[in-house]
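# Close look at the chain arrangement
Here are the chains, one letter per residue:
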Amino acid sequence: YKYEAEKNQMQKQMRQMQKMEALGTLAGGIAHDFNNILQPIMGYTNVILKTIDSSDRNHKGLSSILNASMRARDLVQQILTFARKSEHDTQPVEMSLITKEVVKLLRSSLPATIEVRQQISRTSGVVMADPTKIHQIVMNLATNAFHAMQEDGGVLEIRLNSIDTEVEEAGLISLMPGTYVCLSVTDTGIGM
């Protein structure tokens, strides 16, 4: 009897896992399709915003479209992260490639009032990580920076380089001495 109960419980858990996997696959497919719809909306809105003066009566409406699209894009990213939960295996990741990809995306979607600067070292190194999570972290940091500068504009700077920590420094920041990749996202916004 105990064996049958355990077997039924295991089968129930397996069915639940299969449902979640199917749901994740469906959510991922929908999110990708939705993202493909959002990209031209954001791109064309940004292009039009750059060609009209801020006093133009359409400027505020277009800015609202861009902001709503960016919020939708962030939501899509969260859905994709949920859909890929089963794929969170670490692998060697070239940080500079992911960071440059994010910068390219930001330049096409942020308003002209925000200048995006980058200092990305091609020799910053490879880390063992989940590339989707790294992409999401950089995007979230940049999105927070954008919100801090939304009213008055400003400069968003993304830096990536390698650093060496000595024994004395490592103790202060809870790291083993050695070489690390350092990602820095700064803005000239209002702060937290």
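Use the structure listed above.
Scope of this entry: the structure provided in the associated data block. (Residues numbered from 1 in each chain as written. Predicted model: local features only at pLDDT ≥ 70, side-chain atom pairs only at ≥ 80, totals over all residues. Heavy atoms only, no water.)

## Brief notes about helix H4 (residues 131–149)
Inclusion rule: Per the convention used, a helix needs a DSSP run of H or I reaching at least four residues, while a strand needs a run of E reaching at least two, with both numbered from the N terminus. Expected span of a helix: the number of residues minus one, times 1.5 Å. Exposure is judged per residue with a 1.4 Å probe applied to protein chains only, and the accessible area is read against the type maximum: over 50% gives exposed, under 20% gives buried, and values in between give partly exposed.
End to end, H4 covers 27 Å across 19 residues, agreeing with the expected 27 Å (1.5 Å per residue, within 8%). For H4, the complete set of buried residues consists of Thr132, Ile134, His135, Gln136, Val138, Met139, Ala142, Thr143, Ala145, Phe146, Ala148 and Met149.

## A short note on the pattern of salt bridges
Side-chain pairs of opposite charge can arise where the charged atoms are in close proximity. Defined as follows: Put simply, a salt bridge is a Lys or Arg side-chain nitrogen that is within 4 Å of an Asp or Glu carboxyl oxygen.
Scanning the model with the defined rule gives 3 salt bridges in all. Here Asp74 makes a salt bridge to Arg73, at a shortest N to O gap of 3.7 Å. The pair Asp74 / Arg73 is uniform in exposure class, with both members buried. One salt bridge in this structure joins Glu157 and Arg159, with 3.1 Å as the shortest N-O distance.

## Considering the sheet that holds strand E5 (residues 178–187)
Here is the rule: Here, any two strands with at least 2 DSSP bridges between them count as paired. Here, axes are lines fitted to C-alpha atoms. For helices the fit covers the stretch in contact, and angles between N-to-C directions go from 0 to 180 degrees. Contact definition: two residues touch when any of their heavy atoms are within 4.5 Å.
One open sheet holds the 3 strands; their spatial order is E2-E4-E5, and the pairing between them is mixed. Each edge of the open sheet carries a strand with a single partner, namely strand E2 (114–120) and E5. On average, each strand axis in the sheet is tilted by 15° relative to the strand beside it, whichever way the strands run. In the sheet, strand E4 (residues 154–165) pairs with E5 via 10 bridges, with the strands oriented antiparallel. What sits directly across from Asn161, in E5, is Cys182. Contacting E2, E4 and E5, helix H3 (residues 95–109) crosses the sheet at an angle of about 165° to E2. H4 rests against E2, E4 and E5 of the sheet, and its axis sits at about 30° to E5.

## Here's the deal with the packing of H3 against H4
Let me state the cut-off plainly: Between 65 and 115 degrees an angle is taken as roughly perpendicular, under 35 as roughly parallel, over 145 as roughly antiparallel, and anywhere else as oblique. Here a crossing is called left-handed whenever its near helix is offset anticlockwise from the far helix by less than a right angle, and right-handed whenever the offset is clockwise. Classes in brief: Ala, Val, Leu, Ile, Met, Phe, Trp, Tyr, Cys and Pro nonpolar; Asp, Glu, Lys and Arg charged; the others, Gly included, polar.
Between H3 and H4, whose axes approach to 10 Å, the crossing angle comes to 45°. Taken together, the axis directions place H3 and H4 in an arrangement best described as oblique. For the pair H3 and H4, the crossing hand works out as right-handed. The residues of H4 that touch H3, namely those facing Met95, Ile98, Glu101, Val102, Leu105 and Leu106, are Pro131, Ile134, His135, Val138, Met139 and Ala142. Its residues placed into classes, the contact of H3 with H4 shows 10 nonpolar, 1 polar and 1 charged.

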